[in-house]
Amino acid sequence: MNGLIHDVKVIRVRSETVAAFIAVVGILSIMAQTVVLGILMRSIANKNTILLGLGFQILQLAWYGFGSQPWMMWAAGAVSSITFPAISAILSRNADSDQQGELLRPHTNIRLP
């Protein structure tokens, strides 16, 4: 959300554009977390998927920090959204079925604002 504040205050993007940005990134996130994540988990494994997602997050934050045009914020988009589900997957695969709730609860709470 810090990138959105940057867009509104520094780049002076209209609130309608910010709303469209949130909608598009949400749709792209759904696609990344369903299609792309599954392919990556099968082809490069869990750990490498997490590392790839973290790399994308670094790039996304750099785009937000150095971007000066609205299209740059859109390009930073949703690819980094694969990190959290990949971490959840690796946690749940390494826990017994009766312990997954205890393990994933703190992980989920970390993500909440």
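**Observations concerning the overall build of the chain**
Here's step 1: A tally of regular secondary structure across the chain gives 5 helices and 0 strands.
Here's step 2: Reading the chain from its N end, one meets helices and strands in the order α-α-α-α-α.
Here's step 3: When the 113 residues of the chain are sorted by exposure, 34% land in the buried category.
Here's step 4: Accessible area for the chain stands at about 7,500 Å²; split by element, carbon and sulfur atoms hold 65% of it.

**Some thoughts on the nonpolar core**
Here's step 1: Membership of the largest hydrophobic core is limited to 8 residues, which are Ala32, Leu37, Leu40, Met41, Ile50, Ile82, Ala86 and Ala89.
Here's step 2: Those elements giving two or more residues to this core turn out to be helix H2 (15-66) and helix H4 (83-93).
Here's step 3: A per-element tally of this core places H2 first, with 5 residues.
Here's step 4: Excluding its chain neighbours within four sequence positions, the residues that come into contact with alanine 86 are Leu37, Met41, Thr49 and Ile50.

**Here's the deal with unusual backbone geometry**
Here's step 1: Its identity as a non-glycine residue notwithstanding, alanine 45 has a phi of 75 degrees, on the positive side.
Here's step 2: Within the secondary structure, alanine 45 is located in helix H2.
Here's step 3: We classify alanine 45 as partly exposed; its relative accessible area is 39%.

**A look at the confidence of the model for the chain**
Here's step 1: When pLDDT is averaged along the chain, the result is 76, and 73% of the positions lie at 70 or above.
Here's step 2: Confidence, expressed as mean pLDDT per element, reaches its minimum in the chain at helix H1 (residues 2-11) with 52 and its maximum at H2 with 84.

**Details of the packing of H2 against H4**
Here's step 1: Interhelical geometry of H2 versus H4 gives an angle of 110 degrees and a closest axis separation of 8 Å. The pairing of H2 with H4 is recorded here as roughly perpendicular in orientation. Along the contact surface, H2 presents Gln33, Leu37, Met41, Asn46, Lys47, Thr49, Ile50, Gly53, Leu54 and Gln57, while H4 presents Thr83, Pro85, Ala86, Ile87, Ala89, Ile90 and Arg93.
Here's step 2: Across the contact of H2 with H4, the residue classes break down as 9 nonpolar, 6 polar and 2 charged.

**Digging into the environment of alanine 89**
Here's step 1: With respect to the secondary-structure elements, alanine 89 resides in helix H4.
Here's step 2: Among the residues examined, alanine 89 registers a relative accessible area of 17% and is labelled buried.
Here's step 3: Ignoring sequence-local partners within four residues, the contact set of alanine 89 consists of Met41 and Asn46.

Calculation criteria
Residues numbered from 1 in each chain as written. Predicted model: local features only at pLDDT ≥ 70, side-chain atom pairs only at ≥ 80, totals over all residues. Heavy atoms only, no water. Helix = DSSP H or I, 4+ residues; strand = E, 2+ residues; numbered from the N terminus. Buried < 20%, exposed > 50% of the residue type's maximum accessible area, 1.4 Å probe, protein only. Areas by Shrake-Rupley, 256 points an atom, 1.4 Å probe, with all protein chains shown as cover. Core = buried A, V, L, I, M, F, W, Y, C linked by side-chain atoms within 4.5 Å. Contact = heavy atoms within 4.5 Å. pLDDT = per-residue confidence, 0-100. Axes fitted to C-alpha atoms, helices over the stretch in contact; angles between N-to-C directions. Parallel < 35°, antiparallel > 145°, perpendicular 65-115°, else oblique. Nonpolar A, V, L, I, M, F, W, Y, C, P; charged D, E, K, R; others polar.

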